[in-house]
Amino acid sequence: QVQLVESGGDSVQAGGSLRLSCTASGYRDGYSRYCIHMAWFRQAPGKLREGVAAIDNDGSTRYRDSVKGRFTISQDNAKSNLYLQMDGLKPEDTAMYYCAAYVFRLCATWDPFASSAYNYWGQGTQVTVSA
């Protein structure tokens, strides 16, 4: 069983920065034998969960239009840590942010911003941006 734990959420003023982290564990027999796609999602009260940024097994990244140029997703070589560097934060970025991972022995067609594409989720970390 893969476990994901997020950290780094905080309350900041508009224009500020935060760096979210997600630690992953439980890659049985090592990460290299799996296809691993990871992503950050967010959900504000009363709204649907939406994909923010994703990184696939080969390191290719995708971003939601509203965060392009402001957010950067990255991970370490062992795929044990996922990061989201958030700069130029806006009040509309306020949400619970979740780390998600697809972990399987084979890669398949991937919709990076579909919640159903991921089989593991963290508990979330709250980001609040005030005007």
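Scroll up to find the structure.
Just so it is clear, the model here is predicted, and its values are computed rather than measured. (Residues numbered from 1 in each chain as written. Predicted model: local features only at pLDDT ≥ 70, side-chain atom pairs only at ≥ 80, totals over all residues. Heavy atoms only, no water.)

Novice: Help me understand the overall build of the protein in this model?
Specialist: Within the protein one finds zero helices and eleven strands. For a compact globule of 131 residues, the expected C-alpha radius of gyration is about 14 Å, and the protein comes in at 14 Å, within 12% of that figure. Viewed in the frame of its principal axes, the protein has a C-alpha envelope of about 45 × 25 × 25 Å. Within the protein, the fraction of its 131 residues that count as buried is 42%. Counting only contacts in the protein whose residues sit at least 6 apart along the sequence, the fraction spanning at least 24 positions is 61%. (Helix = DSSP H or I, 4+ residues; strand = E, 2+ residues; numbered from the N terminus. Rg over C-alpha atoms; globule rule 2.2 N^0.38 Å. Buried < 20%, exposed > 50% of the residue type's maximum accessible area, 1.4 Å probe, protein only. Contact = heavy atoms within 4.5 Å.)

Novice: What am I meant to see in the sheet that holds strand E3 (residues 18-25) here?
Specialist: In a beta sheet, neighbouring strands pair by backbone hydrogen bonds and run either parallel or antiparallel. With respect to topology, four strands assemble into an open sheet ordered E1-E3-E8-E7, the strand pairing being antiparallel. Two strands lie at the open edges of the sheet, namely strand E1 (3-7) and strand E7 (71-75), each paired on one side alone. Within the sheet, the average angular offset between the axes of one strand and its neighbour, ignoring direction, is 15°. In the sheet, E1 pairs with E3 via five bridges, with the strands oriented antiparallel. (Pairing = 2+ DSSP bridges. Axes fitted to C-alpha atoms, helices over the stretch in contact; angles between N-to-C directions.)

Novice: What should I look at first to understand the nonpolar core in this one?
Specialist: If you look at soluble globular proteins, the nonpolar side chains tend to sit buried side by side. Ranked by internal contacts, the top residues of the largest apolar core, which has 32 residues, are Leu4, Met38, Trp40, Leu84, Met86 and Tyr97. With five residues, strand E9 (residues 95-104) is the single largest residue contributor to this core. Not counting the four nearest positions on each side in its chain, Leu4 is found in contact with Cys22, Thr23, Ala24, Met38, Cys99, Ala100, Ala101, Tyr120, Trp121, Gly122 and Gln123. Judged by nonpolar contacts, the second largest core, of eight residues, contains Cys35, Phe41, Tyr102 and Trp110. (Core = buried A, V, L, I, M, F, W, Y, C linked by side-chain atoms within 4.5 Å.)

Novice: Please clarify how the state of the cysteines should be interpreted in this entry.
Specialist: Joining two cysteines, a disulfide is a covalent bond between their sulfur atoms. Considering all chains together, one arrives at two disulfides under this definition. Bridging Cys22 to Cys99, the disulfide has an S-S length of 2.1 Å. Residues Cys22 and Cys99 are joined by a disulfide whose S-S torsion is about -75°; by sign, that bridge is left-handed. Residue Cys22 is located in strand E3, and its partner Cys99 is located in strand E9; the two are separated by 77 residues in the primary sequence. Like Cys22, the residue Cys99 is buried in the burial classification. Counting only the cysteines that take part in disulfides, in the order they occur along the protein, gives the pairing 1-3, 2-4. (Disulfide = S-S within 2.5 Å.)

Novice: Can you walk me through the environment of Ser21 in this structure?
Specialist: Here Ser21 shows up in strand E3. In this structure Ser21 comes out as buried when scored by relative accessible area, which is 18%. With 78 residues separating them along the chain, Ser21 and Cys99 place their C-alpha atoms 8.6 Å apart. Apart from residues lying up to four places away in sequence, Ser21 is in contact with Val5, Glu6, Ser7, Trp40, Leu82 and Tyr83.

Novice: What is the right way to read the pattern of salt bridges from this model?
Specialist: Opposite charge on two side chains permits pairing when their charged atoms draw close. In this structure the tally under the stated criterion is five salt bridges. Between Glu50 and Arg42 there is a salt bridge, with the nearest N and O atoms lying 2.8 Å from each other. Note on Arg42: relative accessible area 6%, which makes it buried. A salt bridge links Arg70 to Asp93; the nearest nitrogen and oxygen atoms lie 2.8 Å apart. Of the two residues, Arg70 is situated in the loop between strand E6 (61-63) and E7 and Asp93 in the loop between strand E8 (81-86) and E9; the sequence distance between them amounts to 23 residues. (Salt bridge = Lys/Arg side-chain N within 4 Å of Asp/Glu carboxyl O.)

That's the geometry; what it means functionally is another story.
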